[in-house]
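So the chains spell out like this:
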Amino acid sequence: MLQIGEKMPAFKVLDEAGKEVTEKDFIGKKSVIYFYPKDSTPGCTAEACNIRDNYHAFMAQGYQVVGVSKDSVASHVKFKEKNTLPFPLLSDPTTEMLQAFGAWGEKKLYGKVSMGTLRKTYIFDETGVLVRIIEKVDTKNHSAQVLG
């Protein structure tokens, strides 16, 4: 589990354009990496659209933003196009990145326990050091949680 003050873990995934993305791509800019369970579900769509609607504020504060789920590149393409998302979506079907960040674990739904993506947001400084974790994400007001 990633802790405040630690460096961003190593990872290699693809974005929605099929381009390889690694932790090295985040050095030099402040970064918001948010993990979400599934493309095109109500909560995940609300969260992505809230970030989209406030994207100018992220840019103004010098942040690059990416969303990460275990959905496929093809799923990300549809989700991004449908919701006009201005930021990359990273595909982690193996859950290696999710696990490295501590965003994969036990979830309980209607009394049933299963493994899945934990909705969390990690904020890094320009050097790739973790400065903040948001564990209780408010999907409709997530930008305010991050920027506030």
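Everything discussed here concerns the structure shown above.
As the structure is a computational prediction, the values presented were derived from the model and not from experiment.

**Q** When you look at the packing of aromatic side chains in this model, what are you seeing that I'm missing?
**A** The geometry of an aromatic ring pair is captured by two quantities: the separation of the ring centres and the angle between the planes. Under the criterion given, the structure shown has 11 aromatic pairs. Seen from their ring centres, Tyr 36 and Phe 79 are 6.0 Å apart, and the 35° between their planes marks the pair as tilted. Of this pair, Tyr 36 sits in the loop between strand S3 (30-35) and helix H1 (42-53) while Phe 79 sits in helix H3 (residues 73-82), and the two are 43 residues apart along the sequence. Considered together, Tyr 36 and Phe 79 belong to a single accessibility category, that of buried residues.

**Q** Could you clarify how one ought to interpret the sheet that holds strand S4 (residues 63-69) in this entry?
**A** Each strand in a sheet pairs with its neighbour through backbone hydrogen bonds, running either in the same direction (parallel) or in the opposite one (antiparallel). Overall, mixed pairing links the seven strands, which are arranged S2-S1-S5-S4-S3-S8-S9 in an open sheet. Edge strands, defined here as strands with exactly one partner in the open sheet, are strand S2 (20-22) and strand S9 (130-134). Taken over all neighbouring pairs, the strand axes of this sheet differ in orientation by 30° on average, direction set aside. With two bridges joining them, strand S1 (residues 12-15) and strand S5 (residues 89-91) adopt antiparallel strand pairing. Each bridged residue has a counterpart across the sheet, and for Leu 14 the counterpart in S5 is Ser 91.

**Q** Explain the environment of His 142 here, please?
**A** Of note, His 142 is situated in helix H5 (residues 142-147). Along the sequence, His 142 and Ala 46 sit 96 residues apart, while their C-alpha atoms lie 9.1 Å from each other. Sequence-distant contacts of His 142, defined by excluding residues within four places in its chain, comprise Tyr 34, Glu 47, Asn 50, Ile 51, Thr 121, Ile 134 and Val 137.

**Q** Honestly, the pairing of S3 in this entry has me stumped. Any pointers?
**A** Where a strand is regular, its side chains alternate between the two sheet faces. Among the six residues in S3, five count as buried, and that is most of the element. Pairing geometry for S3 and S4, over six bridges, is parallel. The residue bridging Ile 33 from the neighbouring strand is Val 66, located in S4. Bridging between S3 and strand S8 (residues 120-124) involves five bridges; their strand directions are antiparallel. The partner of Tyr 34 across the bridge, within S8, is Thr 121.

Thresholds, definitions, all that
Residues numbered from 1 in each chain as written. Predicted model: local features only at pLDDT ≥ 70, side-chain atom pairs only at ≥ 80, totals over all residues. Heavy atoms only, no water. Phe/Tyr/Trp six-rings, centres within 6.5 Å; stacked < 30°, edge-to-face > 60°. Helix = DSSP H or I, 4+ residues; strand = E, 2+ residues; numbered from the N terminus. Buried < 20%, exposed > 50% of the residue type's maximum accessible area, 1.4 Å probe, protein only. Pairing = 2+ DSSP bridges. Axes fitted to C-alpha atoms, helices over the stretch in contact; angles between N-to-C directions. Contact = heavy atoms within 4.5 Å.

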